[in-house]
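# Secondary and tertiary structure notes
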Amino acid sequence: DVKVTQSSRYLVKRTGEKVFLECVQDMDHENMFWYRQDPGLGLRLIYFSYDVKMKEKGDIPEGYSVSREKKERFSLILESASTNQTSMYLCASSPVAAETDEQYFGPGTRLTVT
Amino acid sequence: AQKVTQAQTEISVVEKEDVTLDCVYETRDTTYYLFWYKQPPSGELVFLIRRNSFDEQNEISGRYSWNFQKSTSSFNFTITASQVVDSAVYFCALSETVNRDDKIIFGKGTRLHILP
């Protein structure tokens with residue numbers, strides 16, 4: 001079974017803090033993704049990576065950065081957390097295939113910025 | 001530009017009733033993939049089905065069935081004889097094959113309540 005794990009289920013941080021959200025997958029997938037989920041807005045893509053040290057901006061990258069030093073790990077970084085970054089953050093991974101393959105999701109991290 | 005619309009924000013039905021979740025998509029690509037995901041209260045999205053644009057055959061899996069109609073750009077999901085465990089948020093999603101990155105565009109989701 002594919003397993004995607006995220007470092008925390010719940011996180012509370014103060015405004016201005018640097019925040020690291022970690023995601024690890026154990027199926028040797030090339031692609032990894034970070035989304036945020038907000039009520040009424042669905043899932044919005046923040047960043048994705050299709051290889052080690054590669055990253056691409058998604059639809060809402062502002063205020064975020066990412067790091068992918070190893071294939072299995074994809075980190076989302078909030079350089080200076082703000083209250084509007086309070087959200088549910090979901091990590092996903094997928095293999096590169098001849099056709100588009102489904103994404104496998106982690107359990108999510110609910111981040112509250114106070 | 002690709003877009004996925006789930007017009008139903010929230011639906012409530014009584015257990016054992018059938019319920020259909022609507023999904024309408026927009027894409028300029030001729031080859032694309034459609035997905036449905038379920039997000040139970042635990043939070044983790046669970047993959048349900050993938051359909052490619054060349055396969056319009058309807059699919060049935062137990063109490064779940066999917067109706068794909070290219071003519072109306074719809075990919076609707078029906079749960080027959082609903083159960084309380086079906087309560088979740090359901091997302092329809094679309095992926096085009098033009099780019100290598102396999103990005104998926106999600107709809108805003110439909111929250112389904114199955115009442116005992």
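Refer to the structure printed above.
Right, let's walk through the structure included here. (Residues numbered from 1 in each chain as written. Chains lettered and ligands numbered in written order. Predicted model: local features only at pLDDT ≥ 70, side-chain atom pairs only at ≥ 80, totals over all residues. Heavy atoms only, no water.)

## Structural notes on the overall build of chain A
Looking only at helices and strands, one finds zero helices and 11 strands in chain A. Going from N to C terminus, chain A has its helices and strands arranged as β-β-β-β-β-β-β-β-β-β-β. Against the compact-globule benchmark of 13 Å for 114 residues, chain A has a radius of gyration of 13 Å, which places it among compact chains. Principal axes of the C-alpha set define a box for chain A whose edges measure 45 × 30 × 25 Å. (Helix = DSSP H or I, 4+ residues; strand = E, 2+ residues; numbered from the N terminus. Rg over C-alpha atoms; globule rule 2.2 N^0.38 Å.)

## Examining the overall build of chain B
For chain B, the count of helices and strands is zero helices and 12 strands. For chain B, the N- to C-terminal ordering of α and β elements is β-β-β-β-β-β-β-β-β-β-β-β. Its C-alpha radius of gyration of 14 Å places chain B within 12% of the 13 Å reference for a compact globule of 116 residues. Once the C-alpha set of chain B is aligned to its principal axes, its extents read approximately 45 × 30 × 20 Å.

## Examining the interface of chain A and chain B
Tallying the contact residues gives 23 residues for chain A and 22 residues for chain B. Linking chain A to chain B there are one salt bridge. Across the pair Arg50 of chain B and Glu102 of chain A runs a salt bridge, and its minimum N-O distance is 3.4 Å. Counting the contacts that link chain A with chain B gives four residue pairs in polar contact (both at pLDDT 80 or more). Where the side of chain A that touches chain B is concerned, the elements lending two or more residues are β4 (31–38) and β5 (42–49) of chain A. Counted by class, the side of chain A that touches chain B contains 12 nonpolar, seven polar and four charged residues. (Contact = heavy atoms within 4.5 Å. Salt bridge = Lys/Arg side-chain N within 4 Å of Asp/Glu carboxyl O. Polar contact = N/O pair within 3.5 Å; in protein donor to acceptor, adjacent residues only side chain to side chain. Nonpolar A, V, L, I, M, F, W, Y, C, P; charged D, E, K, R; others polar.)

## As for the sheet that holds strand β7 (residues 65–70) of chain A
All names here are of chain A. Spatial strand order, β1-β3-β8-β7: four strands in an open sheet with antiparallel pairing. Two strands bound the open sheet, and with one partner strand each, they are β1 (4–6) and β7. Across the sheet, the axes of successive neighbouring strands diverge by a mean angle of 20°, strand direction being ignored. Direction of pairing for strand β3 (residues 19–25) relative to strand β8 (residues 73–78): antiparallel, over a ladder of six bridges. Its bridge partner being in β8, Phe20 is matched across the sheet by Ile77. (Pairing = 2+ DSSP bridges. Axes fitted to C-alpha atoms, helices over the stretch in contact; angles between N-to-C directions.)

## Overview of the environment of Ser8 of chain A
Residue and element names in this part refer to chain A. Residue placement: Ser8 occurs in the loop between β1 and β2 (10–13). The exposure class assigned to Ser8 is buried, which follows from its relative accessible area of 19%. Taking the C-alpha atoms as reference points, Ser8 and Arg110, 102 residues apart in sequence, are found 8.1 Å from one another. Contact partners of Ser8, with chain neighbours within four places excluded, come to Gly108 and Thr109. (Buried < 20%, exposed > 50% of the residue type's maximum accessible area, 1.4 Å probe, protein only.)

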